[in-house]
Amino acid sequence: MFVLAELKDNVRIAPELFRLKLPEAIKEQINRKLANKVLLNVGLCIALKDIVKLGDSIILPGDGASHTEVHFRYIVFRPMVGDVITGKIRSCSREGVHITLGFFDDILIPPSALQHPSRYEETEQAWVWEYPLEDGNTHDLYMDIGESIKFRVSGEVFEESSPIGPPDQEVPSGSGGTGAGAGGGPGSANTPQESNKTPYRIVAAINESGLGLLSWWVQQSQDDGDGDEEDVEGEEQEQEEQEEASEED
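Residues numbered from 1 in each chain as written. Predicted model: local features only at pLDDT ≥ 70, side-chain atom pairs only at ≥ 80, totals over all residues. Heavy atoms only, no water.

S.K.: Which residues make up the overall build of the protein chain, and what values do they have?
M.R.: For the protein chain, the count of helices and strands is 3 helices and 13 strands. Relative to its full complement of 249 residues, the protein chain shows a buried share of 26%. Pairs at least 24 apart in sequence give 64% of the contacts found in the protein chain among residues at least 6 apart. Working note: accessible area of the protein chain is about 16000 Å², and carbon and sulfur atoms make up 48% of it. (Helix = DSSP H or I, 4+ residues; strand = E, 2+ residues; numbered from the N terminus. Buried < 20%, exposed > 50% of the residue type's maximum accessible area, 1.4 Å probe, protein only. Contact = heavy atoms within 4.5 Å. Areas by Shrake-Rupley, 256 points an atom, 1.4 Å probe, with all protein chains shown as cover.)

S.K.: Lay out unusual backbone geometry in plain terms, naming residues and giving numbers.
M.R.: Between His 116 and the following residue, Pro 117, the backbone shows a cis peptide bond with an omega angle of 0°. Tracing the backbone shows Pro 117 in the loop between strand S7 (107-109) and strand S8 (118-121). Phi at Asn 41 takes a positive value of approximately 60°, unusual for a residue other than glycine.

S.K.: Would you mind going over the side chain of Thr 68 in detail, with residue names and values included?
M.R.: Note on placement: Thr 68 falls in strand S4 (residues 66-77). Side-chain polar atoms of Thr 68 contact the side chain of Ser 57, separated by 2.6 Å. With residues up to four places along the chain from it excluded, the contact list for Thr 68 reads Asp 9, Asn 10, Val 11, Leu 22, Ile 26, Leu 54, Gly 55, Asp 56 and Ser 57. (Polar contact = N/O pair within 3.5 Å; in protein donor to acceptor, adjacent residues only side chain to side chain.)

S.K.: Can you break down the pairing of strand S10 (residues 138-143) residue by residue, with the values?
M.R.: Sheet analysis places strand S9 (residues 126-132) next to S10, joined by 6 bridges and oriented antiparallel. Looking at the pairing, Glu 130 lines up with Asp 140 of S10. Adjacent in sequence and paired antiparallel, S9 and S10 are bridged by 5 residues, among which Gly 136 carries a positive phi angle near 95°. (Pairing = 2+ DSSP bridges.)

S.K.: A description of the pattern of salt bridges should follow, citing residues and the corresponding values.
M.R.: If charged atoms from side chains of opposite charge come close, those side chains can pair. Under the criterion given, the structure shown has 11 salt bridges. Asp 50 is the salt-bridge partner of Arg 73, the closest N and O atoms lying 2.6 Å from each other. On the criterion of sequence distance, the pair formed by Arg 73 in strand S4 and Asp 50 in strand S3 (residues 43-59) is long-range, its members being 23 residues apart. Taking the shortest distance from any N to any O, the salt bridge between Glu 159 and Arg 201 comes out at 3.1 Å. Remark: Arg 201 occurs in strand S12 (residues 200-205) and Glu 159 occurs in the loop between strand S11 (148-158) and helix H2 (192-195); sequence separation between them is 42 residues. One network of salt bridges, in which partners are shared, links Arg 119, Glu 121, Glu 130 and Asp 140. (Salt bridge = Lys/Arg side-chain N within 4 Å of Asp/Glu carboxyl O.)

S.K.: Any chance you could break down the confidence of the model for the protein chain for me, citing the residues and the numbers?
M.R.: Within the protein chain, residue pLDDT values average 82, and 73% of them lie at 70 or more. A low-confidence stretch, residues 175-189 (pLDDT under 50), is modelled with 10 contacts involving residues beyond four sequence positions or located in other chains. (pLDDT = per-residue confidence, 0-100.)

S.K.: Can you tell me about the nonpolar core, naming the residues and giving the values?
M.R.: Within the largest apolar cluster, 30 residues are counted, with the highest numbers of intra-cluster contacts made by Val 97, Ile 109, Met 143 and Phe 151. Counting residues per element, the ones that place at least two in this core are strand S5 (84-93), strand S6 (96-100), S7, S9, S10, S11 and S12. Apart from residues no more than four positions distant in its own chain, Val 97 is found in contact with Ile 89, Ser 91, Cys 92, Ile 107, Leu 108, Ile 109, Leu 114, Trp 127 and Met 143. Core analysis: the next-biggest nonpolar cluster, separate from the first, contains 15 residues, Val 11, Ile 30, Phe 72 and Tyr 74 among them. (Core = buried A, V, L, I, M, F, W, Y, C linked by side-chain atoms within 4.5 Å.)

S.K.: Before we move on, can you summarise the side chain of Glu 121 with the specific residues and values?
M.R.: Structurally, the position occupied by Glu 121 is in strand S8. Here the side chain of Glu 121 touches Arg 119 through a polar contact of 2.9 Å, side chain to side chain. Glu 121 has contacts with Ala 126, Val 128 and Tyr 142, leaving out every residue within four places of it along the chain.

S.K.: How would you explain a nonpolar patch on the surface if you had to name every residue and give the values?
M.R.: A surface patch of nonpolar side chains, about 340 Å² in accessible area, is lined by Met 1, Phe 2, Ile 46 and Phe 103. Within the secondary structure, Phe 2 is located in strand S1 (residues 2-13). (Patch = residues over 30% accessible without salt bridge, like charges linked within 9 Å, V, L, I, M, F, W, Y side chains within 5 Å.)

S.K.: Could you give me a rundown of the environment of Ala 65, with the residues and numbers involved?
M.R.: Considering the arrangement of structural elements, one finds Ala 65 in the loop between S3 and S4. With 51 residues separating them in the primary sequence, Ala 65 and Ala 14 have C-alpha atoms 4.6 Å apart. Once residues within four sequence positions are removed from consideration, Ala 65 is found in contact with Arg 12, Ile 13, Ala 14, Pro 15, Phe 18, Ile 58, Ile 59 and Leu 60.

S.K.: Which residues make up the sheet that holds S4, and what values do they have?
M.R.: Reading across from one edge, S1-S4-S3-S2 is the order of the 4 strands in this open sheet, with antiparallel pairing throughout. Of all strands in the sheet, those bounded by a partner on one side alone are S1 and strand S2 (38-39). Where S2 meets S3, 2 bridges bridge the pair, whose relative direction is antiparallel. Following the sheet pairing, Leu 39 is matched in S3 by Gly 43. Of the strands in this sheet, S1, S2, S3 and S4 are in contact with helix H1 (residues 22-34), which crosses S3 at around 135°. (Axes fitted to C-alpha atoms, helices over the stretch in contact; angles between N-to-C directions.)

Structure, rendered in structure tokens:
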């Protein structure tokens, strides 16, 4: 789930940080720059592990800061496809079940990857697994917000997001401006698709035995345990009856 990424960067140390030792100042600047950021095709940066190599520090003309080439290792969140992780349900929508790990929220279980058959309850804002019973009926198992859920990673999606420019200026009414750039036309730069891009998200699945809400399988194991206890009690009763019969003979 967590991996070490070997990275290289040119770190700028401002003059006010010269009071610190160079490695300490570099660590502070790297964490400030990368912590909780997503690197394309790398993952979500968590914290600096260590510095592998420090290059020579130079001062550029007109800049009082020092610039140092640094090779370092960074702890990155990027689970492998097939990993099984436990999280909590953040919300449900027609898109599927949204999962959070506390520090990472962009995890989605699409409807096709839920237990079959499942349906979405609009009034409850929750997905429901129609669990089949032995008598042919079904029992509704709700996926409520805040419930612990175990899922398998089935895919990952990286998207490169570019900086978004300022919105087009509105053309005052009566100015006669009817061009494509007026008032949110097709050429408008502030499209919702551009502003709502998620740089890194995980696609998950729970349509396997043992996956899903932890409470489902805890209840099932308790039921199985009760059945085992009943079998043991029945065997003990039969054994007592056999012993009584042998004593009478």
